[in-house]
Amino acid sequence: MENSKRKMNSNVPTKECQYGADCYRVNPVHFREYSHPHIENVLAKAPSLAEVKIPDHLNTNKSVFEEQLKIVSKLYPNLQGDSNINPEKKIKMNDTDVPPSSFALSTTSACKAEEPKASSSTSVNKNPIDALFAERRARMQAAQRDKPTCAAVSSAAMQPEAESSASTSNTGISLQQSLPRDINAYFPVVAPRGHMAQKLAAAAPYNFFLTTITASKPTHTEPLSITFQELLDASLGQLESSVQMNFMVDIGWLLAHYFFAGYENVPLLVLYGDETPELRMVTKKKPNVTAVKVEIKTPFGVHHSKMGLYGYRDGSMRIVISTANLYEDDWHNRTQGLWVSPRLPAVPDGSDTTYGESVTDFRVNLLAYLEAYKLPHLQPWMARIRKTDFSDIRVCLVASVPGGHVNTPKGPLWGHPRLGHLLARHAAPVDDSCPLVAQSSSIGSLGPTPESWVLAEIMASFRKDSAPVGIRRLPGFRMIYPSYSNVRQSHDGLLGGGCLPYVRATNVKQEWLKDYLHQWCSRTRHRNKAMPHIKTYCRWSHRGLYWFLLTSANLSKAAWGVYNKTGRFEKPLRINSYEIGVLFLPKLLLDENFFPMEANKKHPPFPMPYDVPIVPYAPEDTPFLMDYLTQ
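Just so it is clear, the structure is predicted and the values come from calculations on it, not from any experiment. (Residues numbered from 1 in each chain as written. Predicted model: local features only at pLDDT ≥ 70, side-chain atom pairs only at ≥ 80, totals over all residues. Heavy atoms only, no water.)

**Notes on the nonpolar core**
And then number 1: Tyr369, Trp547, Trp560 and Phe584 are the most contacted members of the largest nonpolar core, which has 102 residues in total.
And then number 2: At six residues, the largest contribution of residues to this core is made by strand 17 (residues 544-551).
And then number 3: Formed by 40 residues, the second largest nonpolar core is a distinct cluster that contains Leu231, Tyr263, Trp331 and Val340. (Core = buried A, V, L, I, M, F, W, Y, C linked by side-chain atoms within 4.5 Å. Buried < 20%, exposed > 50% of the residue type's maximum accessible area, 1.4 Å probe, protein only. Helix = DSSP H or I, 4+ residues; strand = E, 2+ residues; numbered from the N terminus.)

See below:
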């Protein structure tokens, strides 16, 4: 009776949400479609939103529940005080109190731009990102209720194994040894166990993979497609400890992978950029897991690098550099890239400190990058790296660290000058008619003209090669970025653009960029409808591929750096964010001037992530803008 009266007075929907008190949605559209009696009753009993008391028994994250209260209060204001309270006593809700509807959908979870903002206000972004992880838990709890015999493992992976399952009512199902390890009940794509080492050997010499696409079945068995679970495959080695460095981390999703791989109690260090309640509490619940937020001192910078360090029981280790955040959606229907190193053995006892260095100086450059964090948690790993043989690595490390930088006696260490330095040393002479092709999932503020930064700085570094310095013309510039039509036809429709945080406010200031834009096309790799979160830069001609860079760095000043042009005492290159990538050079990998782009008898073709030749925008095309999801 009370519920029916409440619905009549407030016009709330009659159909109730299937998750009940476990619902973690913060999408206003969801609350227009479904009733949530546990929220509506709480509002009806309170004179105002400010006086709401959250019952202890509600199985929700407090911050998410508070966000839900705001949404329901705004949608159905007559609910408050059972419709009998003077409206003037009720709290007036601002539009900014309710996040844009599309941000809360799971397929748009990366709407939170990984690039710096022009403003420090990020309040509308934070709660939806938190709610993404909570919503994941709710879905898995519902799946567990529907399939009681399956081992659905969720963010409650953070519960100690000694606790009973009854104690996990707030966070899901506990990770206990007695649970059947039914991985197929949790992950949509599961590769056969025990084959990753063989797959990696077959991927030589490039070791370059793309993530599987849930909605594209050909990618499930493609030799150069992998899942995150395969990075933990026992064939690669018995894991002793590991580090995961990333921007966004759903710790429940990540720990589920470790659980199914049999490593739920193995030491794990997580360095992350985006704060969540789950990451703050994980060490208390799982003592073997240490989570550390990477603080950025530069304005608008983020910890954007995506790298894994895997240490094995025999003393060897492995490096994985990728473009994917560590949460479900980034490994679902988005195109992501990964480079997986060979297994790197420990150096023999008593070896010289230079023993086992890569021909590309990968080890010393990795140590310099890790040293930049100034975190004591990384010191044991740096000691281990110094005692590891990196001689089988033949790619170059290209990274960025926040701060002001000058060249060192060994040349520039970071940002776009670092890439230019490597190209000048190792890249074969490139014909100036061969354009630079940039491809990223976000675009920064590039300036009012192409000459502002792209042609003046990026092209100045990216055009370099080992030819003698002389009079050269500026190569062409091309940019691959999904158009609106690309995203509309994606596996997830417009929501597929959730990983493309380019906004109209930036676009209108650089409309010149449209003349350089090209479509996302990847039919050859069965990823035409999988929107790219991968970032790549390369140059090719009819002769082959001159070089190829896989990186976390979008095309932005924050990621690549910008030279300071004013002030006498400022450092010349300013970088805001942490980034990391690997540069593939044919001279170092194949002892050739080009990577083949088609099969030949001598070397396998380089596995390009998109189709070549590339397709320019049509006159009616526009780049996809995040604003389309918030309107």
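**What to know about the sheet that holds strand 12 (residues 436-439)**
And then number 1: Sheet architecture is open: seven strands sit in the order 10-20-17-16-12-13-14, paired in mixed fashion. Looking at which strands have only one partner, the edges of the open sheet turn out to be strand 10 (396-400) and strand 14 (517-518).
And then number 2: Two strands pair when backbone bridges link them, and strand 17 and strand 20 (residues 579-584) are joined in this way by four bridges, in the antiparallel orientation. Within strand 20, the residue paired with Thr551 across the bridge is Gly581.
And then number 3: Helix 11 (residues 415-426) rests against strand 10, strand 17 and strand 20 of the sheet, and its axis sits at about 160° to strand 10.
And then number 4: Along the sheet face, helix 12 (residues 454-462) touches strand 12, strand 13 (477-480), strand 16 (536-541) and strand 17 and points at about 110° away from the line of strand 12. (Pairing = 2+ DSSP bridges. Contact = heavy atoms within 4.5 Å. Axes fitted to C-alpha atoms, helices over the stretch in contact; angles between N-to-C directions.)

**Quick look at the packing of aromatic side chains**
And then number 1: This model, assessed by the stated rule, comprises 34 aromatic pairs.
And then number 2: Relative to Phe362, the ring of Trp339 lies with its centre 5.7 Å away and its plane at 40°, an arrangement referred to as tilted. Residue Trp339 is found in strand 9 (residues 337-340), and its partner Phe362 is found in helix 9 (residues 362-371); the two are separated by 23 residues along the sequence.
And then number 3: Judged by relative accessible area, which is 0%, Phe362 ranks as buried.
And then number 4: Considering the side-chain rings of Trp540 and Tyr610, the 6.4 Å spacing of their centres and the 50° angle between planes classify their relative orientation as tilted. Here the residue Trp540 occupies a position in strand 16, and Tyr610 occupies one in the loop between helix 16 (586-589) and helix 17 (627-630), the gap between them amounting to 70 residues.
And then number 5: In this structure Tyr610 comes out as buried when scored by relative accessible area, which is 4%.
And then number 6: By way of ring pairs, the aromatic residues Tyr206, Phe208, Phe548, Phe584, Phe595 and Phe606 are connected into one cluster. (Phe/Tyr/Trp six-rings, centres within 6.5 Å; stacked < 30°, edge-to-face > 60°.)

**Observations concerning the UniProt feature "site: Interaction with DNA" (unreviewed entry) in the chain**
And then number 1: UniProt annotation of "site: Interaction with DNA" (unreviewed entry) refers to Ser556 when read in the numbering used here.
And then number 2: Mapped onto the secondary structure, Ser556 falls in the loop between strand 17 and helix 15 (557-560).
And then number 3: A residue is classified by how much of its surface remains accessible, and Ser556, at 2% relative accessible area, is buried. (UniProt positions renumbered as here; feature names shortened; annotations may be inferred.)

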